[in-house]
Amino acid sequence: LLILDGLEPIQYPPGPMQGRLKDQGLQALTRELRQYNPGLLIITTRVSVEEIADAQGSTVKMIDLENRSERAGSLLLKKLGAIGTRDELNAAVREFGGHALALNLLGRYISVAHEGDIRKRNLIADLTEEVKHGGHARRVMKSYDIWLQDTPEYNILHLMGLFDRPADGGAIEALRKPPAIKGLTDKIENLSDAQWKFALQHLRDLRLLTKMDKRRPDTLDCHPLVREHFEDKLKHEKPDAWNEAHSRLHEYFRELPGKDLPDTLEEMEPLFAAVDHGCKAGMYQEALYIYWERISRKEKAFI
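Quantities reported herein were computed from a predicted structural model and do not represent experimental measurements.

Regarding the overall build of the chain
- Helix and strand counts for the chain stand at 13 helices and two strands.
- The C-alpha atoms of the chain give 21 Å as radius of gyration, which agrees with the globular expectation for 303 residues (19 Å, within 12%).
- Expressed as lengths along the three principal axes of its C-alpha atoms, the size of the chain is roughly 70 × 55 × 35 Å.
- Looking at the chain as a whole, 42% of its 303 residues are labelled buried.
- Taking contacts inside the chain between residues at least 6 apart in sequence as the whole, the part at least 24 apart equals 65%.

Things to note about the side chain of Arg34
- Note on placement: Arg34 falls in helix 1 (residues 24-35).
- Take Arg34: its relative accessible area is 16%, and that puts it in the buried class.
- In this structure Arg34 touches Glu51, Ile52, Asp54, Ala55, Thr59 and Val60, once residues within four positions along its chain are discounted.

A short note on the side chain of Glu51
- Structurally, the position occupied by Glu51 is in helix 2 (residues 50-53).
- There is a polar contact of 3.1 Å between the side chain of Glu51 and the backbone nitrogen of Leu21.
- Discounting chain neighbours no more than four positions away, the residues touching Glu51 are Gly19, Arg20, Leu21, Gln27, Thr30, Arg31 and Arg34.

Here's the deal with the confidence of the model for the chain
- Mean pLDDT over the chain: 87, with 94% of residues reaching 70 or higher.
- Highest mean pLDDT in the chain belongs to helix 11 (residues 239-254) (96); lowest belongs to helix 6 (residues 135-147) (77).
- Predicted confidence for residues 127-132 stays below pLDDT 50, and this span has eight contacts to residues more than four positions away or in other chains.

A word on helix 5 (residues 100-113)
- Taking 1.5 Å of rise per residue, 14 residues should cover 20 Å, and helix 5 covers 20 Å from first to last C-alpha, within 8% of that figure.
- In terms of residue burial, helix 5 counts as a mostly covered element, since 10 of its 14 residues are buried.
- Three or more residues of helix 5 are buried, namely Leu101, Ala102, Leu103, Asn104, Leu105, Leu106, Gly107, Arg108, Tyr109 and Ile110.

What about the packing of aromatic side chains?
- All told, the structure shown has five aromatic pairs when counted by the stated rule.
- Here the aromatic rings of Tyr252 and Phe253 are separated by 4.9 Å at their centres, their planes lie at 70 degrees, and the arrangement is edge-to-face. Pair check on accessibility: Tyr252 and Phe253 agree, each one buried.
- By way of ring pairs, the aromatic residues Tyr109, Tyr144 and Trp147 are connected into one cluster.
- Lying over the aromatic face of Tyr12, Lys22 brings its terminal NZ or CZ to 5.9 Å of the ring centre.
- The ring of Trp196 carries the charged tip of Arg176 above its face, separated from the ring centre by 4.0 Å.

Here we look at the nonpolar core
- Core analysis: the biggest nonpolar cluster contains 65 residues, and Leu77, Leu106, Ile156, Leu162 and Leu208 have the highest contact counts within it.
- Counting residues per element, this core draws most heavily on helix 5, at seven residues.
- Leave out the neighbours within four places in its chain, and Leu77 touches Ala82, Leu89, Ala92, Val93, Leu103, Leu106, Gly107 and Ile118.
- Core analysis: the next-biggest nonpolar cluster, separate from the first, contains eight residues, Leu4, Leu7, Leu26 and Val60 among them.

Brief notes about the pattern of salt bridges
- Enumeration over the complete set of coordinates arrives at 16 salt bridges.
- The closest approach of N and O atoms between Lys197 and Asp193, which form a salt bridge, is 3.3 Å. Taken together, the positions of Lys197 and Asp193, both in helix 9 (residues 193-205) and four residues apart, correspond to about one turn of that helix. The exposure classification of Lys197 matches that of Asp193, with both residues exposed.

Some remarks on a nonpolar patch on the surface
- Among the surface-exposed residues, Leu1, Ile3, Leu40 and Ile42 lie close enough to one another that they form a single nonpolar patch of about 410 Å² accessible area.
- Looking at where Leu1 falls in the secondary structure, it is placed in the segment before strand 1 (2-5).
- Judged by relative accessible area, Leu1 falls into the exposed class, the value being 74%.

Examining the packing of helix 3 (residues 70-79) against helix 5
- Contact pair helix 3 / helix 5: the axes reach a minimum separation of 8 Å and the direction vectors enclose 30 degrees. The angle between the axes of helix 3 and helix 5 places the two elements in the roughly parallel class. Crossing of helix 3 against helix 5: the hand is right-handed. Residue-level contacts link Gly73, Leu76 and Leu77 of helix 3 to Ala100, Leu103, Asn104, Leu106 and Gly107 of helix 5.

Overview of unusual backbone geometry
- Omega for the peptide link from Pro178 to Pro179 comes to -5 degrees, which places this bond in the cis form.
- Within the secondary structure, Pro179 sits in the loop between helix 8 (169-176) and helix 9.
- Residues other than glycine seldom take positive phi values, yet Asp150 does so here, at roughly 65 degrees.
- Unlike most non-glycine residues, Arg207 shows phi in positive territory, near 70 degrees.

Parameters at a glance
Residues numbered from 1 in each chain as written. Predicted model: local features only at pLDDT ≥ 70, side-chain atom pairs only at ≥ 80, totals over all residues. Heavy atoms only, no water. Helix = DSSP H or I, 4+ residues; strand = E, 2+ residues; numbered from the N terminus. Rg over C-alpha atoms; globule rule 2.2 N^0.38 Å. Buried < 20%, exposed > 50% of the residue type's maximum accessible area, 1.4 Å probe, protein only. Contact = heavy atoms within 4.5 Å. Polar contact = N/O pair within 3.5 Å; in protein donor to acceptor, adjacent residues only side chain to side chain. pLDDT = per-residue confidence, 0-100. Expected span 1.5 Å × (residues − 1). Phe/Tyr/Trp six-rings, centres within 6.5 Å; stacked < 30°, edge-to-face > 60°. Lys NZ or Arg CZ within 6 Å of the ring centre and 35° of its normal. Core = buried A, V, L, I, M, F, W, Y, C linked by side-chain atoms within 4.5 Å. Salt bridge = Lys/Arg side-chain N within 4 Å of Asp/Glu carboxyl O. Patch = residues over 30% accessible without salt bridge, like charges linked within 9 Å, V, L, I, M, F, W, Y side chains within 5 Å. Areas by Shrake-Rupley, 256 points an atom, 1.4 Å probe, with all protein chains shown as cover. Axes fitted to C-alpha atoms, helices over the stretch in contact; angles between N-to-C directions. Parallel < 35°, antiparallel > 145°, perpendicular 65-115°, else oblique. Left-handed = near helix turned anticlockwise from the far one by under 90°.

Below you can see the structure in the form of structure tokens.
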């Protein structure tokens, strides 16, 4: 049994390449298992995987998971602190399409910001984004944008938009070190350890960060829709901060201790990250150098 959970960060977004896998190794793996697999491969994703789409009905079975029912959604809202009649709670579930993440965010937001009054969901701005691409959840997150502005929590959420996977503690520390990145780390540069932990717990209580992984307590992660929302905001609204942050991450991953010419995929992962962040920062020559000299080994490269 092989489970690939939450595959969308390494799939191409909506557009001509939508749903295709970015990683060549996973492309080959899924195609091979599509042809013959004595076990079972389970993939969870919001976007159909194009590499195996043509095998639907034979070796591939696609299951569209339903959103929450009115009853289940209403119970979830009540558990999160929302207050209202059965009809009011059911109406809220219908309005947000039963979307699990949207209801989680809505329940906590209403509970904290509006004393649980579910009727005040009308104060949450409407968005025109397609429902299947997270419009319901983004609608609630826009309210968090306003509510959390100028707080350490708001800086942390924008940091999550810099990563396409869980962010390790060392990378976060590299971003927090002086001098502050204007518009990105102003509120978290000088936080004490207690204040930092309080801000993280607040975001976890709001369902904007995932629970702490006890095996890797310094690692931060969030739902892909939360990550995408703040990635878009940072990239388009604060391009200077976007470039500076990715430049720091490029340097951090490039300088991690290890072999100058690593041999295994695991050893090469920091170099792949350095190339990715370097390109996002516009440091194409530096990224190319790492790829050519340390990953492809010049004469051993296949072009």
